[in-house]
Amino acid sequence: MAQLRVLPSLLLLISAAASSTSATNSEGEALHSLRTHLSDPTNVLQSWDPTLVNPCTWFHVTCNTQNRVIRLDLGSSNISGNLGPELGRLKHLMYLELYRNNFDGKIPEELGNLKNLISLDLFGNKLEGEIPKSFSKLKKLRFLRLNNNRLTGSIPRALTTLSSLRVFDVSNNDLCGTIPINGPFPNFSVQSFENNSKLNGPELQGLVPYDFGC
Ligand SMILES: *[C@@H]1O[C@H](CO)[C@@H](O)[C@H](O)[C@H]1NC(C)=O
Ligand SMILES: *[C@@H]1O[C@H](CO)[C@@H](O)[C@H](O)[C@H]1NC(C)=O
Ligand SMILES: *[C@@H]1O[C@H](CO)[C@@H](O)[C@H](O)[C@H]1NC(C)=O
């Protein structure tokens, strides 16, 4: 009798272990797939070995106790290339630090899937295109620094719903339109918006509440 009761719980344990392994593998696969389209002249990503069970021993990657990736720290690493949609698969990520590299191309919409993000630092790259509206899904986000890139378009009004946001910097880009006045935006200083030649001062209340072409 006792053996019969043990068996199902043992099976449960095995399947739980298997699913957690495959989940961490999928995060390793996502990171390795990202690596394949990056140029890494100073071999910062050398330890990213896809044959390992999970990416938790790789340099610049930090995991929680469940072996899920919660930090990616690649600031000032001389890396160039596109940010792929793969990053959107790191569901437990809290800190995405990719500042001061040579990343180019657009910011992937998929970063909006990283619902646990607290800090998103992409400043000091060559990123172009618009700030994804999908960032409005990042309800835990406290730090969003996109300054010193080549971003265009307007500041998505949906970002005014980010009530956790404490630091926002889009200075030194090529943004247009007006600065939002709702949500956390009154808290941000003018320095956060400077050197965007087509970005005008705070919008007049009630006049241009939505995104508009500019
Ligand atoms: C980046 O490149 C510069 C110049 O080649 C070098 O001095 C620096 O150490 C590199 N940084 C890293 C993190 O490898
Ligand atoms: C303004 O921003 C652009 C784009 O990032 C940059 O190239 C330029 O050096 C900045 N100008 C100043 C005065 O900081
Ligand atoms: C503005 O900042 C203060 C202090 O950090 C914070 O308590 C407040 O909630 C912020 N306001 C908004 C609208 O985010």
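Residues numbered from 1 in each chain as written. Chains lettered and ligands numbered in written order. Predicted model: local features only at pLDDT ≥ 70, side-chain atom pairs only at ≥ 80, totals over all residues. Heavy atoms only, no water.

### Examining the overall build of the chain
Threshold: By definition, any uninterrupted DSSP run of H or I lasting at least four residues is a helix, any uninterrupted run of E lasting at least two residues is a strand, and each is numbered from the N terminus. For every residue, the accessible area obtained with a 1.4 Å probe (protein chains only) is divided by the maximum for its type, and the residue is called buried under 20%, exposed over 50%, and partly exposed between those limits. Contacts were defined at the residue level, with two residues in contact if any of their heavy atoms lie within 4.5 Å. Methods summary: accessible areas were calculated by the Shrake-Rupley approach with a probe of 1.4 Å, and residue burial reflects only the protein chains presented.
Along the backbone of the chain there are 1 helix and 13 strands. Listing each helix as α and each strand as β along the chain from the N terminus yields α-β-β-β-β-β-β-β-β-β-β-β-β-β. Of all 214 residues assigned to the chain, the portion counted as buried reaches 44%. Sequence separation of at least 24 residues holds for 49% of the intrachain contacts in the chain that already meet a minimum separation of 6. Counting every atom, the chain has about 11,000 Å² of accessible surface; 54% of that belongs to carbon and sulfur.

### Looking at the side chain of Ser77
Applied cut-off: Polar contacts, as counted here, are pairs of nitrogen or oxygen atoms within 3.5 Å of one another; within protein the pair requires one atom able to donate a hydrogen and one able to accept it, and residues that are adjacent in sequence qualify only if both atoms are side-chain atoms.
The topology assignment puts Ser77 in the loop between β3 (69-73) and β4 (80-82). At 3.1 Å, the side chain of Ser77 forms a polar contact with the backbone oxygen of Leu74. Excluding residues within four positions of it along the chain, Ser77 makes contact with Thr42, Val44, Arg100 and Asn101.

### Examining the state of the cysteines
Let me state the cut-off plainly: Criterion for a disulfide: a pair of cysteine sulfur atoms at a distance within 2.5 Å.
For the structure on display, the rule yields 1 disulfide. A disulfide bridge connects Cys56 with Cys63, and the sulfur atoms are separated by 2.1 Å. On the sign convention where negative means left-handed, the S-S torsion of about -90° between Cys56 and Cys63 marks this disulfide as left-handed. Of the two residues examined, Cys56 and Cys63, each falls in the buried class.

### Focus on the UniProt feature "domain: Leucine-rich repeat-containing N-terminal plant-type" (unreviewed entry) in the chain
Stated formally: UniProt positions are given in the numbering used here, feature names are shortened, and annotations may be inferred rather than shown by experiment.
Sites flagged by UniProt as "domain: Leucine-rich repeat-containing N-terminal plant-type" (unreviewed entry) map to residues 25-64. Span residues 25-64 is 30% helix and 12% strand, its end C-alpha atoms 14 Å apart.

### Quick look at the site of ligand 1
Just so we agree on the cut-off: A single heavy atom is enough: if one lies within 4 Å of a molecule or strand, its residue is considered near that molecule or strand.
In the vicinity of ligand 1, the residues found are Thr42, Ser76 and Asn78. Between ligand 1 and the protein, one listed contact pairs an oxygen atom with a side-chain N or O atom of Thr42 at 3.1 Å. Residue Asn78 places a side-chain N or O atom 2.3 Å away from an oxygen atom belonging to ligand 1.

### Considerations on the site of ligand 2
Residues in close proximity to ligand 2 include Asn149, Asn172 and Asn195, which together make up its full environment. One nitrogen or oxygen atom from the main chain of Asn172 is found 2.6 Å from an oxygen atom belonging to ligand 2. Contact between ligand 2 and Asn195: an oxygen atom at 2.4 Å from a side-chain N or O atom of the residue. Taken by itself ligand 2 offers 360 Å² of open surface, and the protein chains cover 34% of this.

### Observations regarding the nonpolar core
For the record, the criterion: Residues enter a nonpolar core if they are buried and are Ala, Val, Leu, Ile, Met, Phe, Trp, Tyr or Cys, with the set joined through side-chain atoms within 4.5 Å.
Of all hydrophobic cores here, the largest spans 48 residues; its most connected members are Leu72, Leu96, Leu120, Phe135 and Phe168. Broken down by secondary-structure element, the contributors of at least two residues to this core are α1 (2-36), β2 (61-63) and β3. Here this core gets 3 residues from one element, more than from any other, and that element is α1. In this structure, Leu72 is in contact with Leu31, Trp48, His60, Val61, Leu87, Leu93, Tyr95, Leu96, Glu97 and Leu98, ignoring residues within four places of it in sequence.

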